[in-house]
Amino acid sequence: MSDVPGAPADLLRSLTRAERLLSRRLGAVLAEDELSVEAWRVLCLLADGQGHPMSEVSTEASLPPGTLTKLVDQLVDRNLVFRRIDPIDRRRIRAYLTARGRREHARLDERVRASIAELGVEQAADLISHLDDLIGHLDPTRQREHAEAVGPHR
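These numbers were taken from a predicted model, which means no experiment stands behind them.

## Observations concerning the overall build of the chain
Phase 1 of the analysis: For the chain, the helix and strand inventory stands at seven helices and three strands.
Phase 2 of the analysis: For the chain, the sequential pattern of α-helices and β-strands runs α-α-β-α-α-β-β-α-α-α.
Phase 3 of the analysis: A buried classification covers 28% of the 154 residues belonging to the chain.
Phase 4 of the analysis: Pairs at least 24 residues apart make up 48% of the contacts formed inside the chain by residues separated by at least 6 positions.
Phase 5 of the analysis: Accessible area of the chain: about 10,900 Å², with a carbon and sulfur share of 55%.

Written out as structure tokens, the structure reads:
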């Protein structure tokens, strides 16, 4: 830890510690349903109903492809997720929530939100916004996507 308040080491330490503690807390909530935090991340991504390529799910869930495949296999076995060939690019596989997966996600989402609400973090939306801004600055992919969305500078 640095003796200079706000030093980069303090930011990294605080973010890492907060992520680990929050994962532990949510892991305890999800363990009642024999679901891991990583599986929860996958369900949350797929909850938008659009279906996502496995490569995107791997990135968003912060899992290497082989580990993700095993996890998705388990979710398929539990009838929470299904996979289909991408109708546009037949070389890609897209993952979706099943009807049961949508119900389970909604039920677990309530429990996760209640657990987070118990923390009394009234500014959670502001914190998420600030973290998303930080991610946007650190992730070259998001920087390119933002530049393409905004268009050329005049």
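Past the structure itself, the notes keep going.
## Observations concerning the nonpolar core
Phase 1 of the analysis: Core analysis: the largest hydrophobic core is formed by 25 residues, its most contacted members being Val 42, Leu 75 and Val 81.
Phase 2 of the analysis: Within the residue set of this core, elements represented by two or more residues are helix H1 (8-31), helix H2 (37-46), helix H3 (54-61), helix H4 (65-77), strand S3 (93-97) and helix H5 (99-117).
Phase 3 of the analysis: Ranked by residue count, the leading element in this core is H2, at seven residues.
Phase 4 of the analysis: The residues contacting Val 81, other than those within four sequence positions of it, are Leu 43, Leu 46, Val 72, Leu 75, Val 76, Ala 95, Tyr 96, Leu 97 and Thr 98.

## So, the sheet that holds strand S1 (residues 52-53)
Phase 1 of the analysis: A sheet is described by the order of its strands in space; here three strands give the open sequence S1-S3-S2, paired in antiparallel fashion. Whereas interior strands pair on both sides, the edge strands pair on one side only; in this sheet they are S1 and strand S2 (81-85).
Phase 2 of the analysis: Of the pairings in the sheet, the one linking S2 to S3 comprises five bridges and is antiparallel in character. Residue pairing for S3: Arg 83 is matched across the bridge by Ala 95.

## A word on a nonpolar patch on the surface
Phase 1 of the analysis: On the surface, a cluster of nonpolar side chains totalling about 380 Å² of accessible area is made up of Leu 22, Ile 116, Leu 119, Val 121 and Leu 127.
Phase 2 of the analysis: One can find Leu 127 in helix H6 (residues 124-138).
Phase 3 of the analysis: You can call Leu 127 partly exposed: its relative accessible area is 45%.

## What about the packing of H1 against H5?
Phase 1 of the analysis: At a minimum axis separation of 10 Å, H1 and H5 run at an interaxial angle of 135°. The angle between the axes of H1 and H5 places the two elements in the oblique class. As H1 packs across H5, the resulting crossing turns out to be right-handed. Each of Leu 22, Arg 25, Leu 26, Val 29 and Leu 30 in H1 lies in contact with H5, whose residues at this interface are Leu 108, Arg 111, Val 112, Ser 115 and Ile 116.
Phase 2 of the analysis: When its residues are assigned to classes, the contact of H1 with H5 shows seven nonpolar, one polar and two charged.

## Concerning the environment of Ser 36
Phase 1 of the analysis: Relative to the helices and strands, Ser 36 is located in the loop between H1 and H2.
Phase 2 of the analysis: Here Ser 36 falls in the partly exposed class, since its relative accessible area comes to 29%.
Phase 3 of the analysis: Along the backbone, Ser 36 and Leu 71 are 35 residues apart, and their C-alpha atoms lie at a distance of 9.4 Å.
Phase 4 of the analysis: With residues near it in sequence (within four places) discarded, Ser 36 still touches Leu 30 and Leu 71.

## Brief notes about H5
Phase 1 of the analysis: Here H5 contains 19 residues, and its C-alpha end-to-end distance of 27 Å stays within 8% of the 27 Å for a straight helix at 1.5 Å per residue.
Phase 2 of the analysis: Along H5, the positions that sit buried rather than exposed are Gly 101, Glu 104, His 105, Leu 108, Asp 109, Val 112 and Ser 115. Taken end-on, H5 shows its buried residues confined to a sector of 145°, consistent with a single buried face. With respect to the buried face of H5, the exposed residues turned more than 90 degrees away are Arg 103, Glu 110, Arg 113 and Ala 117.

## Considerations on the packing of aromatic side chains
Phase 1 of the analysis: Taken as a whole and judged by the stated rule, the model has one aromatic pair.
Phase 2 of the analysis: Geometrically, the ring pair formed by Phe 82 and Tyr 96 is stacked, given 5.1 Å between the ring centres and 15° between the ring planes. Here the residue Phe 82 occupies a position in strand S2, and Tyr 96 occupies one in strand S3, the gap between them amounting to 14 residues.
Phase 3 of the analysis: The class of Phe 82 is partly exposed, set by a relative accessible area of 28%.

So, how was this worked out
Residues numbered from 1 in each chain as written. Predicted model: local features only at pLDDT ≥ 70, side-chain atom pairs only at ≥ 80, totals over all residues. Heavy atoms only, no water. Helix = DSSP H or I, 4+ residues; strand = E, 2+ residues; numbered from the N terminus. Buried < 20%, exposed > 50% of the residue type's maximum accessible area, 1.4 Å probe, protein only. Contact = heavy atoms within 4.5 Å. Areas by Shrake-Rupley, 256 points an atom, 1.4 Å probe, with all protein chains shown as cover. Core = buried A, V, L, I, M, F, W, Y, C linked by side-chain atoms within 4.5 Å. Pairing = 2+ DSSP bridges. Patch = residues over 30% accessible without salt bridge, like charges linked within 9 Å, V, L, I, M, F, W, Y side chains within 5 Å. Salt bridge = Lys/Arg side-chain N within 4 Å of Asp/Glu carboxyl O. Axes fitted to C-alpha atoms, helices over the stretch in contact; angles between N-to-C directions. Parallel < 35°, antiparallel > 145°, perpendicular 65-115°, else oblique. Left-handed = near helix turned anticlockwise from the far one by under 90°. Nonpolar A, V, L, I, M, F, W, Y, C, P; charged D, E, K, R; others polar. Expected span 1.5 Å × (residues − 1). Arc of directions from axis to C-beta. Phe/Tyr/Trp six-rings, centres within 6.5 Å; stacked < 30°, edge-to-face > 60°.

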